[in-house]
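Observations on the three-dimensional arrangement
Okay, here's what each chain looks like letter by letter:
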Amino acid sequence: MNNIIFNLVKDTPQLVNTVFIVDRFDKLDKNIFSDREIDYIQHRIAQNARLIPLNYFYHWNFIVLSGTDESCGDELEAIRRTGAELAEKVKTNELDFLTIVDHTQKKETTAALVEGLVLASYSFNKFKKNDNSGKLFKRINIFNKDFTTADIDELEIMVQTVSFARDLVNEPASSLTATKFADELTRMAHMSGLSVELYRKEELKKMNMGGILSVNQGSEEPPVLIKLEWKHPKSKNKKPYAFVGKGVMYDSGGLSLKPTTKSMDYMKSDMAGGAAAAGLMFSIARNKLPIHAIALIPATDNRINSKAFAPGDVVTMHNGKTVEVMNTDAEGRMILADALSLIDKHEPEFVLSIATLTGSASRAVGPYGIVAMGNAKQKYFDQLEESGEKTYERIVQFPFWDDYATMLKSDIADLKNIGGESAGAITAGKFLENFTSHPFIHLDIAGVAYTHTPRDYYKFGATGVGIRLLYDFVKSLTK
Ligand code: BES
Ligand code: MN
Ligand code: ZN
C-alpha cells in the first residue's frame, strides 16, 4: 500500500499535471486552453472519449468528462472508471502528483474520480524482489469550492482503510495468522481511537465458544476473537449497531477438504469480511461519527491435523444450541454463530454479519453483487440498496423465508451446519439467524471480495468491498 497525501488547495493551481473535470457541455476556459487545444478536445469529446490526456513535454494535463455514456449508465461509477484510466497514465508517465480541478463543482464527482484513481493505483508487491513499480504517486491536490477539510479527510480515510483491508486480504495465510491479524487490527485500533479487546483461546474455552473452538481444533495456530468498539459521547443511537465479520485466515475445508484446483488456492481471502468490518470501524472512528458501534471478528484458520473436527461431530455452541457438523467446510457459520450470540448481549439495534460465506452466493450473482438477506425491517435493506448504488458496492436481496430453515433440521442435534442441494447462500444465513435474537442483516461477499479478472479500479486480488458500502449505510442511518 502506497500512502498518498491529500491536499485541499484554495488558490488558483499552477497548470501542471492538472485534471479538469468538465461537463460535456462546459465551455473550456480560453485563458487556459488555446484554440487548437479546444478544437482537439471537442473532437475527442465527439468521439466519446472520457479521458483526454494533453502532453506538454515535461508535464501532462487531463480533461475528464463527467456524465454517463453507453459503457456505464451510472454517473459516479463512470467517473471512478475514468479515475482508473487516469491511474494508468499516472503510472506510465511516472507522475508523482496531480491537481484536480472540478469545473462541475460537484463534491461527489471529485470524490468518485479520486476513489477510482487511488483504488486503481493500489498494488500489492511486497513479495516482489525487484519492485519496479517506478516512481510513486504521492500527492493529490483538490481544488473544489464545495470541499471542506473534513471532506478531504473523509475521502483520504476511506481510500486508506480500503487499501489497508486489501493488504490484509492479500497477505498470505503463512504470514497472517489469526494472532498476527489481531496484532494488526489492534495497532490500527489504537491509531484510530477505537477500544479493542482480544479473547484468546483460554478465554474462549471459559466462554464456551464451541463454534470457534471446533473450527480451530485442527490448527496449530490459536484462535482469537477481536472486539472493536466506538462509542461517541454524543452518540445518536442508544442501542449499538453491531457488526460481525468472518475471519477465517485460511480455509482448507478441513476434513471435508476442498478440491485443490481453484477452490483452495485463494482461501487466504476468507477473512475479507473481518477485514471489511474492521475497516468500517476504523473509518467510523477516524471520522468521529456520532454513533455507537461494536464489531466482533472471530479469527482462526480451518485446517487439518488428527484433532480436527469431523463430519458427524456434535458441537455445543456459545448459546447452548447443538450443531451436527455435516461438513467441516461450512466453518464460517460456526465461528460467526458464536460471535453473534456474544454480541447479542449488547442489545444491538441491529446486527449485521459480513462474510465470504458461500460459493452459492458467488455462483448466483458472480463478481458484481453482494448477496443480502435477513429479518431486520425492510428500511435497512432499502438503505443498503441505496448506499450500494451510490458506492457501486451493490446488494441483491434474497428471500429469507422460514421454509429454508427446515433444510437445516438434524436427526440428533438442534440443527446441522449445512442445508440441502439448493439455496446454499440462504440456508447459511438461516443457520446464523439461530444465534441472534436481534434484527439481523447478513451480507455474503463471497463473489466480490477477491477478483481473478482485473477490471476498472480492481486489480487482481482483494477488492476491499464492503467498507464504502457500510460506511455510507451507517452514516445515512444517523442523518
Ligand atoms: N469460504 C467458503 C466460501 C467461499 C467460496 C468463499 C468461494 C469465496 C469463494 C466457505 O467456507 C465454504 O466453504 N462454503 C461452502 C459451504 C458448503 C460446504 C455448505 C460452499 O459454499 O461450498
Ligand atoms: Mn469453507
Ligand atoms: Zn470459508
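Rules used throughout
Per chain, the residues get numbers from 1 upward, laid out in the order the sequence is written. Chain A is the first chain written and ligand 1 is the first ligand written, with later ones labelled in order. Since the coordinates come from a predicted model, pLDDT governs what is reported: local features require at least 70, and pairs of side-chain atoms require 80 or more to be given and counted, while whole-chain, interface and lining totals use all residues. Each side-chain value is derived from all of the structure's non-hydrogen atoms; neither hydrogens nor water enter the calculation. Only nitrogen, oxygen and sulfur atoms count as donors, using a 2.8 Å cut-off from the metal that widens to 3.2 Å for Na, K and Ca. Water is left out, so coordination shells may look unfilled. Just to be clear on the cut-offs, tetrahedral is four donors with all angles between 85 and 135 degrees, square planar is four donors and octahedral six with opposite donors over 155 degrees apart and all others between 65 and 115, and anything else goes down as irregular. When a residue's accessible area, from a 1.4 Å probe over protein chains only, is under 20% of the maximum for its type it is buried; when over 50% it is exposed; and in between it is partly exposed. Helical segments are the DSSP runs of H or I of at least four residues, strand segments are the runs of E of at least two, and each set is numbered from the N terminus. For this analysis, a polar contact is any N or O atom pair within 3.5 Å, provided that within protein one partner can donate a hydrogen and the other can accept it, and provided that sequence-adjacent residues contribute only side-chain to side-chain pairs. By definition in these notes, contact holds between two residues if any of their heavy atoms fall within 4.5 Å. Here a strand pair is declared whenever DSSP counts at least two bridges between the two strands. Nearness is judged by heavy atoms alone; a residue qualifies as near a molecule or strand once a single heavy atom is within 4 Å of it. Per-residue and other accessible areas were derived by the Shrake-Rupley procedure at a 1.4 Å probe size, with only the shown protein chains allowed to occlude residues. Only Asp, Glu, Lys and Arg are considered charged in this grouping, and only Ala, Val, Leu, Ile, Met, Phe, Trp, Tyr, Cys and Pro are considered nonpolar; every other residue, Gly among them, is considered polar. Centres within 6.5 Å make a pair out of two Phe, Tyr or Trp rings, where for Trp the six-membered ring is used; the pair is then stacked when the planes are under 30 degrees apart, edge-to-face when over 60, and tilted otherwise. Source of the domain bounds: an automatic or database domain assignment. When two components associate, each loses some accessible surface as probed by a 1.4 Å sphere; the sum of these losses over both components is called the buried area. Put simply, a salt bridge is a Lys or Arg side-chain nitrogen that is within 4 Å of an Asp or Glu carboxyl oxygen.

Focus on the coordination of the manganese ion (ligand 2)
Taken together, D251 (OD), D329 (O), D329 (OD) and E331 (OE) make up the full set of protein donors to the manganese ion (ligand 2), lying 2.1 to 2.2 Å away. Classification of the site at the manganese ion (ligand 2) as irregular follows from its six donor atoms and the range of 70 to 167° in their angles at the metal. Taking relative accessible area as the criterion, D251 reaches 3% and is therefore assigned buried.

Notes on the side chain of N170
As for its placement among the helices and strands, N170 is situated in helix α4 (residues 149–170). Among the polar contacts listed, one links the side chain of N170 to the backbone nitrogen of A462, at a separation of 2.9 Å. Dropping the residues within four chain positions of it, N170 is found in contact with Y122, F124, K268, Y450, G461 and A462.

Details of the sheet that holds strand β12 (residues 314–316)
Strand-to-strand pairing in sheets goes through backbone hydrogen bonds, with the strands running parallel or antiparallel. The sheet built from three strands is open, its strands ordered β12-β13-β17 with mixed pairing. On the outer flanks of this sheet lie β12 and β17 (415–416), each paired with one strand and no other. In terms of strand pairing, strand β13 (residues 322–324) meets β17 through two bridges, oriented parallel. For E324, the partnering residue across the bridge sits in β17 and is K416.

Here we look at the site of ligand 1
Inspection of the region around ligand 1 gives 15 residues, with K258, D270, D329, E331 and G359 positioned closest. E331 is positioned such that a nitrogen or oxygen atom in its side chain is 2.9 Å from an oxygen atom of ligand 1. Bound to the protein, ligand 1 loses 76% of the 520 Å² it would expose on its own. Of the residues in the shell around ligand 1, the class split is four nonpolar, four polar and seven charged.

A closer look at the coordination of the zinc ion (ligand 3)
Looking at the zinc ion (ligand 3), one finds its protein donor set to be K246 (NZ), D251 (OD), D270 (OD) and E331 (OE), positioned 2.0 to 2.4 Å from the metal centre. Each donor residue of the zinc ion (ligand 3) belongs to the same chain, with the gaps between them written as K-x4-D-x18-D-x60-E. Taken as an interatomic distance, the gap from the zinc ion (ligand 3) to the manganese ion (ligand 2) is 3.2 Å; D251 donates to each of them. With a gap of 80 residues between them, D251 in strand β10 (residues 247–251) and E331 in the loop between β13 and α9 (332–343) connect regions that are remote in the sequence. Taking relative accessible area as the criterion, E331 reaches 1% and is therefore assigned buried.

Details of the environment of G273
If you trace the backbone, G273 turns up in helix α8 (residues 272–286). When the C-alpha atoms of G273 and F243 are compared, they prove to be 10.0 Å apart, with 30 residues separating the residues in sequence. Excluding anything up to four places from it in sequence, G273 contacts G245, K246, I354, A355 and I445.

Focus: the environment of I395
Mapped onto the elements, I395 comes out in strand β16 (residues 395–397). Considering only alpha carbons, one finds I395 and Y56, 339 residues apart in sequence, at a separation of 44 Å. When residues no more than four places from it in sequence are discounted, the contact partners of I395 are I370, A372, F381, L384, E385 and L469.

Points about the packing of aromatic side chains
For the structure on display, the rule yields 15 aromatic pairs. An angle of 55° between the planes, with centres 5.3 Å apart, marks the rings of F350 and Y380 as tilted. Within this pair, whereas F350 is found in strand β14 (residues 350–355), its partner Y380 is found in helix α11 (residues 378–391), the two being separated by 30 residues in sequence. Assigned by exposure class, F350 and Y380 land together as buried. One aromatic cluster is present, built from ring pairs that chain together Y241, F243, F350, Y380 and F473.

Considering the domain arrangement of the protein chain
Segmenting the protein chain into domains produces domain 1 (5–147) and domain 2 (159–477). Distance from the C-alpha centre of domain 1 to the C-alpha centre of domain 2: 36 Å. With 17 residues of domain 1 at the interface, the matching set in domain 2 holds 17 residues. For the pairing of domain 1 and domain 2, the buried interface totals around 1600 Å² over both sides, and the portion due to carbon and sulfur atoms is 60%. Per-residue buried area on domain 1 facing domain 2 is highest for L119, Y122 and F124; these three make up 40% of the total on that side. At the boundary of domain 1 with domain 2, the tally comes to four salt bridges. Close ionic contact of K459 with E88 constitutes a salt bridge, the shortest N to O distance being 3.8 Å. At the boundary of domain 1 and domain 2, one finds eight residue pairs in polar contact (both at pLDDT 80 or more). Of all the secondary structure elements, the ones that give two or more residues to the side of domain 1 that touches domain 2 are α2 (75–92) and α3 (107–121). Element by element, the count of residues in the side of domain 1 that touches domain 2 is highest for α2, at six residues. Taken together, the residues of the side of domain 1 that touches domain 2 sort by class into nine nonpolar, one polar and seven charged.

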